[in-house]
Amino acid sequence: AAMLAGTVGSGLLGGLYFIFSFCVMQALNTQPPATAIHVMNSINEAIINPPFFLIFMGTPLACCYVLFRCVKEGIRSPDHTLAASGALLLLVGEFLLTAFVHVPKNDALARYVVTGSGNDATVWAKYYTSWTRWNHVRMLPSIATSALLASALSLRGARLSAGGGAGTAPLMH
C-alpha cells in the first residue's frame with residue numbers, strides 16, 4: 001500500500017508542480033507586479049489545506065516507509081532497487097527542496113510590503129525567475145518517482161507471481 005500511495009502521491013505532486021510552472025506562474029507573470037505578489041501570497045495561504053497536506057506530507061511519509069522496508073529487507077532485486085531509488089529521489093529532490101528553497105522564498109515574499117514602486121517589479125522578477133526554475137527542478141523528481149515506483153510495482157508483481165521472493169511481500173503491506 002505504501003508503494004502505491006507513493007506512486008499516486010508523487011504523480012499528483014508532479015502534476016501540481018507542472019501546472020504551477022507552465023500555467024500559474026506564467027499567468028501571474030502577465031499581471032502587474034503588485035497584483036502578482038498579492039495573488040501568489042494568496043495562493044500560498046490557500047494551499048495550506050487538508051487535501052494538499054495529505055498528499056504533500058503523506059507522499060514523503062509513504063516514501064520513507066518504502067525506503068525503510070527496502071533497506072530492512074535488503075536491496076536484492078530490481079524492484080527493490082527501483083522502489084528505493086524512487087523513494088529517495090522524492091525525499092531529496094521534492095520534499096527537501098521544497099523545505100529549503102520554496103518555503104523560504106514564499107515566506108520572504110509574504111513579508112514583502114508592496115510599495116507600488118519599481119521595487120515591486122524587481123522583487124517579483126527575482127522571485128518569479130528563481131521560484132519557477134526551482135519548481136521545474138522539484139517537478140522532475142516527483143514525476144520520476146512516480147515512474148520508478150510504478151515500475152517497481154510492476155516488477156514486484158511479476159516476481160511474486162512467478163514465485164520468486166515471497167518472503168519480501170511485506171513491502172507492499
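One structure accompanies this document, and this report is about it. (Residues numbered from 1 in each chain as written. Predicted model: local features only at pLDDT ≥ 70, side-chain atom pairs only at ≥ 80, totals over all residues. Heavy atoms only, no water.)

**Let's talk about the pattern of salt bridges**
Under the counting rule described, the total for this entry stands at 3 salt bridges. Salt-bridge contacts for R69 lead to E73; the nearest nitrogen and oxygen are separated by 3.0 Å. Within this pair, R69 and its partner E73 are both found in helix 3 (residues 50-73), separated by 4 residues, close to a single helical turn. No difference in accessibility class separates R69 from E73, as the two residues are buried. Close ionic contact of D79 with R159 constitutes a salt bridge, the shortest N to O distance being 2.7 Å. With D79 in helix 4 (residues 78-111) and R159 in helix 5 (residues 118-161), this pair connects stretches of sequence that are 80 residues apart. Per residue, the accessibility class of D79 equals that of R159, and both read buried. The structure contains a network of salt bridges with shared partners spanning D79, R156 and R159. (Salt bridge = Lys/Arg side-chain N within 4 Å of Asp/Glu carboxyl O. Helix = DSSP H or I, 4+ residues; strand = E, 2+ residues; numbered from the N terminus. Buried < 20%, exposed > 50% of the residue type's maximum accessible area, 1.4 Å probe, protein only.)

**Notes on the nonpolar core**
Among the nonpolar cores identified, the biggest contains 17 residues, and M3, C63, V66 and A83 are the most heavily contacted of them. When contributions to this core are tallied by element, the ones reaching two or more residues are helix 1 (2-29), helix 3, helix 4 and helix 5. Residues M25, A36, Y127 and Y128 belong to the second largest nonpolar core, which totals 12 residues. (Core = buried A, V, L, I, M, F, W, Y, C linked by side-chain atoms within 4.5 Å.)

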